Amino acid sequence: MFGYLTANLEILSEQQKKKYKAYYCGLCQSLCDNFSSIARNTLTYDLTFATILLNSINHPENNKSIYKNCPLHPFKKQMMIIGDYNLYFSYMNMYLTFYNLIDDINDDNSLIAKVNLSVLKKHINKIEQVYPDVTTKIKQQLQLISQAEKENNTNPDVCSNYFGIILSEIISYPSLVSQDILKDFGFHLGKFIYLMDAVVDLKKDIKKQKYNPLVFYPDVDFHKMLMAIMENVDFYYQKLDIKEDKDIIDNIIYSGIWSKYQLSKKKGKQK
């Protein structure tokens, strides 16, 4: 369920793109500093979104912009935003990647996932020791999702609620303000992402006989269902005190998040 909280770059200004990329590069550098250069390969834009959001709400004073070379850009220094939340979200990125690889192995017996898992596994104890509260809650909800999938539970609210709790905990845990609102926002956003992923993968999952909670709901208007959840996301998002980069966050929430869904609809029409 990675890859949904991304920006629609086509409607960002050049300055906004530069700032967005600087957050991404800053988190990438944190992964390298805290784990290894290989860890850069695990980075997703989803945790970049979380970093931007928490920075905007809490406005930490320790944020700074630095310029460094990296393996992808060895000859031109890249702007990186380094701040108080980079450590936390780099850890969460690794933790979620670890369990995502386990899913890939269970679903497809992926050899690549097995290789990557063997490399990342050594970091998990460290992450759980540094952030025991949030990792315990994440692990509990992932176990509940796994159990529901094994039981082939096709109530769309069950697993989407579990995933909503995961995102709720991740986003709200380090915040100094608005924790309750962030929890509600994260819950509905996580629920939305889980169900959108189910909608996008529905035909593929049916073909491969993989678990999907929507398999018995062929006559449901999925767009209407997603919009109903998005109304809840919007309700709590509007309650957050966004101090900066609201244009980038708005772009992700109201446009970028729909990119995979729109692409799947476009492919369906072409077929």
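Just so it is clear, the structure is predicted and the values come from calculations on it, not from any experiment.

Counting secondary structure elements, the chain contains 11 helices and two strands. Secondary structure elements of the chain, listed N to C terminal, follow the sequence α-α-β-β-α-α-α-α-α-α-α-α-α. Counting only residues that meet the buried cut, the chain has 49% of its 271 residues in that class. In the chain, once contacts between residues fewer than 6 apart in sequence are set aside, the share between residues at least 24 apart is 71%. Working note: accessible area of the chain is about 14200 Å², and carbon and sulfur atoms make up 52% of it. For the chain, the centre of its 33 positive side-chain charges and the centre of its 30 negative side-chain charges are spaced 7 Å apart.

Successive residues of a regular strand alternate their side chains across the two faces of the sheet. With six bridges connecting them, strand β1 (residues 64-70) and strand β2 (residues 73-82) associate as antiparallel partners. Pairing of Lys64 across the sheet is with Ile82, part of β2.

What follows concerns the state of the cysteines. Considering all chains together, one arrives at zero disulfides under this definition. Cysteine Cys28 shares no disulfide, and the gap to the nearest cysteine sulfur, in Cys70, comes to 6.4 Å. In this structure Cys32 is not part of a disulfide, and its nearest cysteine sulfur, from Cys28, lies 7.4 Å away.

A word on a nonpolar patch on the surface. Taken together, the side chains of Ile206, Val215, Phe216, Tyr217 and Val220 make up a nonpolar region of the molecular surface, amounting to roughly 420 Å² of accessible area. Looking at the element boundaries, Ile206 is found in helix α8 (residues 179-208).

Before going further, it helps to examine the environment of Ile171. Within the secondary structure layout, Ile171 lies in helix α7 (residues 156-172). Considering only alpha carbons, one finds Ile171 and Leu47, 124 residues apart in sequence, at a separation of 9.2 Å.

Relative to the helices and strands, Glu151 resides in the loop between α6 (132-150) and α7. Judged by its relative accessible area of 52%, Glu151 is exposed.

Any pair of aromatic rings gets described here by the distance separating the centres and the angle formed by the planes. Taken as a whole and assessed by the stated rule, the structure comprises 16 aromatic pairs. Between Phe98 and Tyr99, the aromatic rings sit 5.1 Å apart at their centres with planes inclined by 85°, giving edge-to-face as the arrangement. The residues Phe98 and Tyr99 share a single accessibility class, namely buried. Linked through ring pairs, Phe35, Tyr88, Phe89, Tyr91, Tyr131 and Tyr173 together constitute an aromatic cluster.

The rules behind the values
Residues numbered from 1 in each chain as written. Predicted model: local features only at pLDDT ≥ 70, side-chain atom pairs only at ≥ 80, totals over all residues. Heavy atoms only, no water. Helix = DSSP H or I, 4+ residues; strand = E, 2+ residues; numbered from the N terminus. Buried < 20%, exposed > 50% of the residue type's maximum accessible area, 1.4 Å probe, protein only. Contact = heavy atoms within 4.5 Å. Areas by Shrake-Rupley, 256 points an atom, 1.4 Å probe, with all protein chains shown as cover. Lys, Arg positive; Asp, Glu negative; His and termini not counted. Charge placed at Lys NZ, Arg CZ, Asp CG, Glu CD. Pairing = 2+ DSSP bridges. Disulfide = S-S within 2.5 Å. Patch = residues over 30% accessible without salt bridge, like charges linked within 9 Å, V, L, I, M, F, W, Y side chains within 5 Å. Salt bridge = Lys/Arg side-chain N within 4 Å of Asp/Glu carboxyl O. Phe/Tyr/Trp six-rings, centres within 6.5 Å; stacked < 30°, edge-to-face > 60°.

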